[in-house]
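Here's the letter readout for the chains.
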Amino acid sequence: MSRKASEYRSHVKPIWCPGCGDYAVLNALTRAFASLELRNENIMVASGIGCSSRFPAFLKTYGIHGVHGRPLPLATGIKLGNPSLTVVAVGGDGDGFSIGGGHIPHAARRNIDLPYIVMDNNIYGMTKGQPSPTSPRGLQRKASPYGSQERPLNPILMTLAYGTTFVARAFSGQPKQMADIFRQALLHPGFAFVQVLSPCITFHNTYDHYREICRPLPEGHNAQDLQAAMTAALETETQYLGIFYRDDQQLPYSRRLQLLRDRAPKLTLETVLDRFRR
Ligand SMILES: Cc1ncc(C[n+]2csc(CCOP(=O)(O)OP(=O)(O)O)c2C)c(N)n1
Ligand code: SF4
């Protein structure tokens, strides 16, 4: 490897709590960038709002720390504006599955060619520990003194059902495997969803719990088999790690739009407006 992960780190030191799972995600993503020898100026990272969404500040790449729940629309616009960039969307589970949850099915339908990394700590970290869409039922915190009453979402099953062409799960306690999954997600020609189990050490420390229940996907798992992926995703007492599903044969959205542009008649703005005047 001729490039080092440290070459992608900015001079800004993360202000995450010591032990936050997001450090491992930062390390793994910079390792994946280095393994692909990406040029810093060709990378753009878009985030939402939350502890995890502070991510772009810690990278020596282009980046935008956006609006709560909107990393996907930002990243989609950036990718379509300049398809030659490596664009990555990042954020938290509150950001991505609650306020921003409506964007995931459309990113999947488009097969927009970018990875979306959700640092899922099963809680709202930045706002001090309210239950999030992936919190376990019964989670008692200051904002839910009698325990949360909702069932948690299953992000892997959900994104598989949306038709996402690359779906994977990693764990901050297994950074090497995470870096490899990120590398595969960056190489995938389409929308790549990666759920990272990334514990919030301060408001919901799940390291021991995940160390106990995380396992590699069953031996011989066929990542081309959607049904097998869904069966593995339905298993929640064990949390499988790895690439559940991938389909590299679908055209990514930026390519589709390019083909459409090539086919479209070259019209002037005047001609287009004339059609509406008639
Ligand atoms: C429109 C809007 N609503 C609410 C907030 C308050 N807010 C900031 S961060 C956050 C939740 C962050 O949780 P998550 O996305 O899970 O990220 P984490 O901090 O856990 O990494 C909320 C609700 C906001 N900034 N903007
Ligand atoms: S509050 Fe939780 S999510 Fe936020 S930096 Fe601290 S450990 Fe990480």
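See the structure shown above.
Now for a look at the structure at hand. (Residues numbered from 1 in each chain as written. Chains lettered and ligands numbered in written order. Predicted model: local features only at pLDDT ≥ 70, side-chain atom pairs only at ≥ 80, totals over all residues. Heavy atoms only, no water.)

### Brief notes about the pattern of salt bridges
Think of it this way: side chains of opposite charge can pair up when their charged atoms draw near. Worth spelling out the cut-off: What makes a salt bridge here is a side-chain nitrogen of Lys or Arg within 4 Å of a carboxyl oxygen of Asp or Glu, nothing more.
Under the counting rule described, the total for this entry stands at six salt bridges. Within the structure, one salt-bridge network assembled from shared partners comprises Glu-270, Asp-274 and Arg-277.

### Considering the site of ligand 1
We count it as follows: Here a residue is considered near a molecule or strand provided that any single heavy atom belonging to it is located within 4 Å of it. We call two N or O atoms a polar contact when they sit within 3.5 Å, provided that within protein one can donate a hydrogen and the other can accept it, with sequence-adjacent residues counted only if both atoms are side-chain atoms. Residue burial considers only the protein chains on display, and all accessible areas are found by Shrake-Rupley using a 1.4 Å probe. Polar here means any residue other than Ala, Val, Leu, Ile, Met, Phe, Trp, Tyr, Cys and Pro, which are nonpolar, and Asp, Glu, Lys and Arg, which are charged; Gly is therefore polar.
Close contacts around ligand 1 come from 16 residues, with Cys-51, Ser-52, Gly-94, Asp-95 and Gly-125 the closest. Between Asn-121 and ligand 1, the recorded distance is 2.9 Å, taken from a side-chain N or O atom to an oxygen atom. Separating an oxygen atom of ligand 1 from a backbone N or O atom of Gly-125 is a distance of 2.8 Å. Compared with its free state, where it exposes 590 Å², ligand 1 has 73% of that area covered by protein. Across the shell around ligand 1, the residue classes tally to six nonpolar, eight polar and two charged.

### A short note on helix H6 (residues 175-187)
Our working definition: Elements are defined by DSSP. Helices are runs of H or I of four residues or more, strands are runs of E of two residues or more, and each kind is numbered from the N terminus. Take the residue count of a helix, subtract one, and multiply by 1.5 Å to get its expected span. Residue burial is assigned from relative accessible area. The probe radius is 1.4 Å, only protein chains are included, and a residue is buried under 20% of its type maximum, exposed over 50%, and partly exposed in between. Arc, as used here, means the arc of the directions from the helix axis to the C-beta atoms. Residues count as neighbours in contact if any of their non-hydrogen atoms are within 4.5 Å of one another.
Look at H6: 18 Å from first C-alpha to last across 13 residues, which is about the 18 Å you get at 1.5 Å a residue. Three or more residues of H6 are buried, namely Met-178, Ala-179, Ile-181, Phe-182, Ala-185 and Leu-186. Buried residues of H6, viewed axially, fall in a sector of 165°; they line one side. Looking at the buried positions of H6, the neighbouring elements they touch are helix H1 (22-35), strand S3 (86-92), strand S4 (115-120), strand S7 (166-171), strand S8 (192-197) and strand S10 (239-246).

That is the geometry; function is a separate question.
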